[in-house]
Amino acid sequence: MSGGDLERDLDLGDDPVVRPQPESEAELAFEGALRPRSLAEFVGQSKVRGQLELLLRAATMQQRTPDHILLAGPPGLGKTTLAMIVAHEGDRPLRMSSGPAIQHAGDLAALLSSLTPGEVLFIDEIHRMARSAEEMLYLAMEDFRIDIMVGKGAGATSIPLDLAPFTLVGATTRSGLLPNPLRDRFGFTAHLEFYDDGELEEVLRRAAGKLGLDIPAPALAEIASRSRGTPRIANRLLRRVRDYALVHRTEPDVAVVGAALELYDVDAHGLDRLDRAVLDAIVSRFDGGPVGLTTLAAAVGEEADTIESVVEPFLVRIGMVTRTPRGRVATRTAWQHLGVARPSTGALFDDDV
Ligand SMILES: Nc1ncnc2c1ncn2[C@@H]1O[C@H](COP(=O)(O)OP(=O)(O)OP(=O)(O)O)[C@@H](O)[C@H]1O
Ligand SMILES: [Mg+2]
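Along each chain, residues carry numbers from 1 onward, in the same order as the chain's sequence is written. Chain A is the first chain written and ligand 1 is the first ligand written, with later ones labelled in order. The model is predicted, so local features are restricted to residues of pLDDT at least 70 and side-chain atom pairs to those at 80 or more, both for listing and for counting; the totals for chains, interfaces and linings are taken over all residues. Only heavy atoms go into the side-chain values, all of them from the structure, while hydrogens and water stay out.

- Identification of the chain as Holliday junction branch migration complex subunit RuvB from Schumannella luteola is taken from an unreviewed UniProt entry.
- UniProt positions are given in the numbering used here, feature names are shortened, and annotations may be inferred rather than shown by experiment. The chain has a UniProt comment under Sequence similarities (unreviewed entry) that states "Belongs to the RuvB family."
- Turning to the chain, the UniProt record has this under Subcellular location (unreviewed entry): "Cytoplasm".

## Some points on the pairing of strand E2 (residues 94-98)
Next up, step 1: Two strands qualify as a pair provided DSSP detects at least 2 bridges between them. Strands are runs of DSSP state E lasting at least 2 residues, helices are runs of H or I lasting at least 4, and numbering of each runs from the N terminus. Both E2 and strand E3 (residues 120-124) contribute to a ladder of 5 bridges, which runs parallel. Pairing of Ser 98 across the sheet is with Asp 124, part of E3.
Next up, step 2: In this view, the connection linking E2 to its parallel neighbour E3 by way of helix H5 (residues 105-113) has right-handed handedness. Seen with its strands pointing away from the viewer, a crossover is right-handed if its path from the first strand over the helix to the second goes clockwise.

## Some remarks on the packing of helix H8 (residues 197-210) against helix H9 (residues 217-225)
Next up, step 1: At a closest axis distance of 8 Å, the pairing of H8 and H9 adopts a crossing angle of 120°. Here H9 runs oblique to H8, going by the angle between their axes. For the pair H8 and H9, the crossing hand works out as right-handed. For the pair formed by H8 and H9, the contact residues are Asp 197, Leu 200, Glu 201, Leu 204 and Arg 205 on the first element and Ala 217, Leu 220, Ala 221, Ile 223, Ala 224 and Ser 225 on the second. Each axis is a line fitted through C-alpha atoms, taken for helices only over the stretch in contact, and angles between the N-to-C directions span 0 to 180 degrees. For classification purposes, angles smaller than 35 degrees are called roughly parallel, those larger than 145 roughly antiparallel, those between 65 and 115 roughly perpendicular, and all remaining angles oblique. By convention the crossing between two helices is left-handed if the near helix lies anticlockwise of the far one by an angle smaller than a right angle, and right-handed if it lies clockwise. The contact criterion used throughout is that any non-hydrogen atoms of two residues lie within 4.5 Å.

## Some words on unusual backbone geometry
With the exception of glycine, the majority of residues adopt a negative phi angle, and the majority of peptide bonds are in the trans configuration.
Next up, step 1: That bond from Gly 289 to Pro 290 is cis: its omega, 5°, falls within 30 degrees of zero.
Next up, step 2: A positive phi angle, close to 55°, is found at Arg 228, a residue other than glycine.
Next up, step 3: Take Arg 228: it is sitting in the loop between H9 and helix H10 (231-247).
Next up, step 4: In this scheme, a residue with accessible area under 20% of its type's maximum is buried, one over 50% is exposed, and one in between is partly exposed, where area comes from a 1.4 Å probe on protein chains only. Judged by its relative accessible area of 5%, Arg 228 falls in the buried class.
Next up, step 5: In this model, Asp 287 sits at a positive phi of 50°, which is unusual for a non-glycine residue.
Next up, step 6: Relative to the helices and strands, Asp 287 is located in the loop between helix H12 (273-285) and helix H13 (293-300).
Next up, step 7: Residue classification places Asp 287 among the partly exposed positions, given a relative accessible area of 45%.

## Concerning the site of ligand 1
Next up, step 1: Throughout this document, a residue counts as near a molecule or strand when at least one of its heavy atoms sits within 4 Å of that molecule or strand. Taken together, 20 residues are adjacent to ligand 1, and Val 43, Lys 79, Thr 80, Thr 81 and Arg 232 come closest.
Next up, step 2: Protein chains bury 94% of the 630 Å² of accessible surface belonging to ligand 1 in isolation.
Next up, step 3: Only helix H2 (25-34), helix H4 (79-89) and H10 provide two or more residues apiece to the shell around ligand 1.
Next up, step 4: Across the shell around ligand 1, the residue classes break down as 10 nonpolar, 6 polar and 4 charged.
Next up, step 5: Composition of the shell around ligand 1 by domain shows at least three residues from each of domain 1 (30-191) and domain 2 (197-264). For the accessible areas, the method is Shrake-Rupley and the probe is 1.4 Å, while residue cover comes only from the protein chains on display. Residues were grouped as follows: Ala, Val, Leu, Ile, Met, Phe, Trp, Tyr, Cys and Pro as nonpolar; Asp, Glu, Lys and Arg as charged; and all remaining residues, including Gly, as polar. Domain segmentation is taken from an automatic or database assignment of domains.

Put into structure tokens, the structure is as follows:
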């Protein structure tokens with residue numbers, strides 16, 4: 001997306017610290033060390049936890065493989081963690097793959113035919129799997145069987161192949177993109193929700209413990225409140241605060257949390273520069289909106305997709321932006337947050353949000 005000169009007068013940097021996607025290999029390794037290993041250790045999502053517990057117990061009592069499980073929800077809320085827990089709780093081996101790695105039915109056939117009885121197969125980003133593989137997966141999930149095509153043209157024949165019984169755990173950030181026949185074949189779909197501040201505080205308390213950090217509760221609460229309901233972001237901010245305290249040879253109290261996060265441009269609501277640039281554009285350049293997604297994206301020099309999938313959901317969730325049929329509108333809270341006086345009359349504000 002080209003924003004022309006509008007794009008040039010904003011310097012947004014490209015290392016936002018509060019994006020929900022993993023930042024780097026180093027972060028993935030760090031996350032691995034902090035991942036809860038059991039359902040009991042998994043913080044929050046009490047509904048999903050209870051549902052999973054029942055499903056796993058019933059399978060153990062009946063000595064069968066648990067039903068296939070679909071984990072749906074935004075990035076960083078614990079889908080991969082839960083998939084590992086499903087395998088661990090049932091004492092089953094875990095095979096990990098992902099949608100983008102399965103580009104042909106043959107890729108999936110190789111994977112499925114090599115599973116051992118009772119194995120848990122985790123397919124991350126399952127909505128990105130090739131269509132031909134999806135169809136093979138339907139039969140595999142239902143009957144633990146696949147048909148392998150041999151030869152081409154008129155001489156082609158299909159050879160049925162029995163599979164070892166397995167549990168498929170699929171994860172998706174875009175459950176709306178899954179075809180219905182695939183969605184229907186999961187025995188259980190877990191919808192992960194954003195965490196509240198108390199739950200994030202607990203995530204942070206456990207993570208600090210694992211890292212051997214002594215951080216007072218008010219400082220943990222301060223990090224939690226800036227973590228956008230997302231454990232991955234909470235753990236990342238914890239790491240930045242730890243580094244800051246280390247370098248400045250100080251105890252990580254509330255003031256240190258504030259200073260460290262200010263350094264990384266994370267404000268009291270967990271908004272970063274891009275979030276604020278979006279809000280500022282709606283308020284200052286488009287008089288509070290409504291403004292269309294493409295125009296808005298051009299104004300801040302960012303991909304429309306990033307605005308739509310990453311920036312906007314959070315701004316909508318905290319009540320700073322609303323979507324109207326005519327475009328995005330900044331709410332009263334947004335004007336207040338930016339410290340800009342909002343005109344009290346005018347046709348643009350007839351939604352009075
Ligand atoms: N309920 C939880 N309790 C404690 N830590 C959690 C919880 N959920 C997630 N985490 C931590 O957050 C980090 C990210 O979690 P995870 O990798 O499972 O997210 P994800 O949903 O798979 O994200 P993505 O969509 O990007 O793959 C991990 O370090 C994990 O330890
Ligand atoms: Mg994941």
